[in-house]
Amino acid sequence: MSDRTSPPTLLTNGQIWTGDRHVDAMAIRDCRVVAAGSPDEARVALGPGFDVVDLVGRRAIPGLIDSHVHILRAGLTWNHITSWDDVGSLQDGLAAISRDAASRPAEAWVRVLGGWHPGIFPERRGPTRAELDEAANGHPAYVQLLYEDGVLNSRGLELLLAGGDVPGVERADDGSPTGRVTGPIAFGRVAALFEKPSSADREASTKAVMADFNARGLTGAIDPGGFGIDQRSYDTMFDMWRRDEMTVRTRLYLVPQTRGNEVAEIREWVRNVQPRYGDDMLRYVGMGEILTFGCHDMEGVRPFEVSDQARSELLEISDLLARHNWPVHMHAIFDTTISAVLDTWEEVDRRHGMAGRRWSLGHAEPISRKSLERVKTLDMGIAIQNRLMFRSADSTALWGEEVGHNSPPLGDILDMGIPLGGGTDATVVSPFDPWRSIWWLVTGKSVDGAPPRAGRHRLSIEQALTAYTRGSAWFSFDEGNRGHLEPGALADLAVLDQDPFEIESDELPSVGADLTMVGGGIVHTTGEIG
């Protein structure tokens, strides 16, 4: 497929950060930047006949790229989820549930699947079963907090337990279920009850999630697979790609789905899929974020140990992927998990060489200096998300105060020249909004009562934006093409409604895009820029 077409265009009368420098104008032709500098330089590069985008003094930046976000999974049901991403109180959240319940057919589920934290609410708590009963007005309802716990209303609980007891259902002293559920088994059983979207629903939802991403200035996403994804999950996005209907450049990692069958499933992927198949809009990257469930340490807030069997499976899988030149992105939080992964990958390095393969870690917040040195030696990258915006306090309780205060060690990662990508791990673990993540990268603050991250591990706004642009592009071999606005780059950009270089850091979460372009074509506009 060819990239989207766009007329020759001059952007002028504003400030443009190319990723390397600040300029006054930019010229776009054939989907790419052909000049960045003064207005005269841009006009000369375009020649006669071009459109003009008047930035009216606004700031333009390279389009943001989330290096670890579950956009494919979110897109399958986006229009059927009640979002609490921007809700400021529990009362407002319950009102959103009531509105959605009123608009849906009888017995249709109303569900909130992550993206919120009680630390944001003045009530400092989530909903009760009784509150959900009242808000949902007879509909089954479910509100999930991260991957930590969930609350069902009475109708939802009745449906869950209709087939018998379920592990993870909390019970009161008298044995009656409270409505609270915990753990992946219970979460999975609840999810299995939700209505299955039609093909048309999945397509509309995927278009909607991309539109919401574009409205925040996101033009790229790297999807790390994750739970609940199978081969059929990719159909909707690939159908849209074939019709040239995508507005977010997406890179896909593939994952095994069955605990105990990881080796066989990954062999099947390797047999049938070529890494880097696709084009600039949609492309397979590699394998991850799960290679073997025995190495998956979940949220890093409960003790975890990698068994000898898991190490052996990881080596078998990693060797297979290296032999077939697959990039890898792997979830690892505890430094002990990271160390076990690095032990394995150092053996892969001895066998095949790791340099240039673009293998990377996702999360890795409490990584030690020793492990960072090993990462650097293996020519790896690290994708960091703002999970600790919601989980700093409970993580620190397990990791220890010194480790928690210095997690993630962003200053060390940059000082050592390790590629760093910014992201969110949305949409369950955190909201997809990149500006909240950028705020967290810059300020080190959380909403759960923990003190800010150590000063040397807080980024400047330019460092944070670099992590969210060129830094993220590194993970999919795109740093030459994307993540900057120097001549030759794809013309993916966002014109912002506030200048992140000028506003106070605590105002960063309120930033949005007045105009977003992908390949020089407008994919989002508020009408303020033209």
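In case you missed it, the structure is sitting above this.
Residues numbered from 1 in each chain as written. Predicted model: local features only at pLDDT ≥ 70, side-chain atom pairs only at ≥ 80, totals over all residues. Heavy atoms only, no water.

(A) Expanded view of unusual backbone geometry. Of note, the bond from glycine 288 into glutamate 289 is cis; its omega dihedral lies within 30 degrees of zero at 5 degrees. Within the fold, glutamate 289 resides in strand E16 (residues 282-289). The omega torsion across serine 407 and proline 408 is -10 degrees, close enough to zero to call that bond cis. Tracing the chain through its elements places proline 408 in the loop between helix H14 (401-405) and helix H15 (410-415). Phi is positive for histidine 363, close to 85 degrees, though the residue is something other than glycine. Here histidine 363 lies in strand E18 (residues 360-363). One non-glycine residue, aspartate 379, lies in the positive phi region at around 60 degrees. (Helix = DSSP H or I, 4+ residues; strand = E, 2+ residues; numbered from the N terminus.)

(B) Structural detail: the sheet that holds strand E5 (residues 32-37). Taken in spatial order, the 4 strands line up as E5-E4-E1-E6 in an open sheet, and their pairing is mixed. The sheet is open, and its two borders are formed by E5 and strand E6 (51-54), each paired with just one other strand. Taken pair by pair, the neighbouring strands of this sheet meet at an average axis angle of 20 degrees, ignoring direction. For strand E4 (residues 25-29) and E5, the ladder comprises 5 bridges, and the chain directions are antiparallel. (Pairing = 2+ DSSP bridges. Axes fitted to C-alpha atoms, helices over the stretch in contact; angles between N-to-C directions.)

(C) Summary view of empty space enclosed by the protein. For the structure on display, the rule yields 1 cavity of 30 Å³ or more. Approximately 150 Å³ is the volume found for the largest cavity. Along the walls of the largest cavity sit 17 residues, with Tyr147, Phe227, Glu289, His296 and Asp425 positioned nearest its centre. Looking at side-chain class alone, the lining of the largest cavity contains 7 nonpolar, 5 polar and 5 charged residues. (1 Å grid on protein atoms, 1.4 Å probe; cavity = no way out; pocket = protein on both sides within 12 Å on 5 of 7 lines; lining within 4 Å. Points joined across faces, edges and corners; volume = space filled by probe spheres on them. Nonpolar A, V, L, I, M, F, W, Y, C, P; charged D, E, K, R; others polar.)

(D) Structural detail: the nonpolar core. Judged by nonpolar contacts, the single largest core of 115 residues is most densely connected at Trp84, Leu291, Leu321, Trp345, Leu361 and Ile438. Excluding its chain neighbours within four sequence positions, the residues that come into contact with leucine 291 are Pro256, Glu262, Ile266, Leu314, Ile317, Ser318, Leu321, Val328, Met330 and Trp345. If you look at the next biggest cluster of nonpolar residues, it comprises 17 residues, including Leu11, Val53, Ala491 and Met517. (Core = buried A, V, L, I, M, F, W, Y, C linked by side-chain atoms within 4.5 Å. Buried < 20%, exposed > 50% of the residue type's maximum accessible area, 1.4 Å probe, protein only. Contact = heavy atoms within 4.5 Å.)

(E) Focus on helix H16 (residues 434-443). The buried fraction of H16 amounts to 10 of the 10 residues, a majority that puts the element mostly inside the structure. Residues Pro434, Trp435, Arg436, Ser437, Ile438, Trp439, Trp440, Leu441, Val442 and Thr443 constitute the buried set of H16. Two or three places before tryptophan 435, at the start of H16, stands the capping residue aspartate 433, its side-chain oxygen 2.9 Å from that residue's backbone nitrogen. Trailing H16 by a residue or two, glycine 444 shows a phi angle of about 75 degrees, which is positive. (Polar contact = N/O pair within 3.5 Å; in protein donor to acceptor, adjacent residues only side chain to side chain.)

So far we have only geometry, and geometry alone does not tell us how the molecule works.
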